[in-house]
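Geometric and topological summary
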Amino acid sequence: MVVRNFDVTEPDMPGVGRKSRELTETEFPEIIWEHSHVVVGEDGLVTTFCVYEAPSADVVREHADHLGRHEIVQLHEIAGDVTPADFPAV
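Here's a quick rundown of the structure. These numbers come from a predicted model, not from an experiment. (Residues numbered from 1 in each chain as written. Predicted model: local features only at pLDDT ≥ 70, side-chain atom pairs only at ≥ 80, totals over all residues. Heavy atoms only, no water.)

A look at the layout of surface pockets
Size it by volume and the largest pocket reaches roughly 340 Å³. Along the walls of the largest pocket sit 18 residues, with M1, Y52, H76, E77 and I78 positioned nearest its centre. At the level of secondary structure, the elements contributing two or more residues to the lining of the largest pocket comprise β2 (32-40), β3 (45-53) and α2 (57-67). If you tally residues by element for the lining of the largest pocket, the top one is β3, at four residues. (1 Å grid on protein atoms, 1.4 Å probe; cavity = no way out; pocket = protein on both sides within 12 Å on 5 of 7 lines; lining within 4 Å. Points joined across faces, edges and corners; volume = space filled by probe spheres on them. Helix = DSSP H or I, 4+ residues; strand = E, 2+ residues; numbered from the N terminus.)

This is how it looks when you write it as structure tokens:
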């Protein structure tokens, strides 16, 4: 999971998202962009929480360098997934 702080506001994000998708399809086919959660801060700037499948953190960082307009705040390997259904009520 990649946590990113962007220097753009919400109306600018469709263009950023298109560029990210184009990069994964043309320059980084080894990356699969699964989904992203977008948060808009009080200052109007965007933070994203993006889930990618990639062979390494270095490839994700290289993709980020090509994308621009943001900084990676955190980068984590996801160990697993759970949902409320995994924890039935007693």
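Still to come is the rest of the account.
Looking at the pairing of β3
As paired strands, strand β1 (residues 2-9) and β3 are joined by five bridges and run antiparallel to one another. Across the sheet, V3 pairs through a bridge with F49, a residue of β3. Sheet analysis places β2 next to β3, joined by eight bridges and oriented antiparallel. Within β3, the position partnered with I32 by the bridge is E53. Counted along the chain from β2 to the antiparallel partner β3, the turn is four residues long, and its residue G44 has a positive phi close to 85°. (Pairing = 2+ DSSP bridges.)

Remarks on a negative patch on the surface
On the surface, E27, E30, E62 and D65 cluster together to form a negatively charged patch. Mapped onto the secondary structure, E30 falls in the loop between α1 (13-26) and β2. For E30, a relative accessible area of 37% puts it in the partly exposed group. (Patch = residues over 30% accessible without salt bridge, like charges linked within 9 Å, V, L, I, M, F, W, Y side chains within 5 Å. Areas by Shrake-Rupley, 256 points an atom, 1.4 Å probe, with all protein chains shown as cover. Salt bridge = Lys/Arg side-chain N within 4 Å of Asp/Glu carboxyl O. Lys, Arg positive; Asp, Glu negative; His and termini not counted. Charge placed at Lys NZ, Arg CZ, Asp CG, Glu CD. Buried < 20%, exposed > 50% of the residue type's maximum accessible area, 1.4 Å probe, protein only.)

Here's the deal with the packing of α1 against α2
Running from amino to carboxyl end, α1 crosses α2 at an angle of 130°, the nearest separation of the two axes being 10 Å. In terms of axis orientation, α1 runs oblique to α2. The interaxial crossing formed by α1 with α2 has right-handed handedness. When α1 is examined against α2, the residues V16, K19, S20, L23 and T24 are found in contact with a partner set consisting of H63, H66 and L67. For the contact of α1 with α2, the class distribution of residues is three nonpolar, four polar and one charged. (Axes fitted to C-alpha atoms, helices over the stretch in contact; angles between N-to-C directions. Parallel < 35°, antiparallel > 145°, perpendicular 65-115°, else oblique. Left-handed = near helix turned anticlockwise from the far one by under 90°. Contact = heavy atoms within 4.5 Å. Nonpolar A, V, L, I, M, F, W, Y, C, P; charged D, E, K, R; others polar.)

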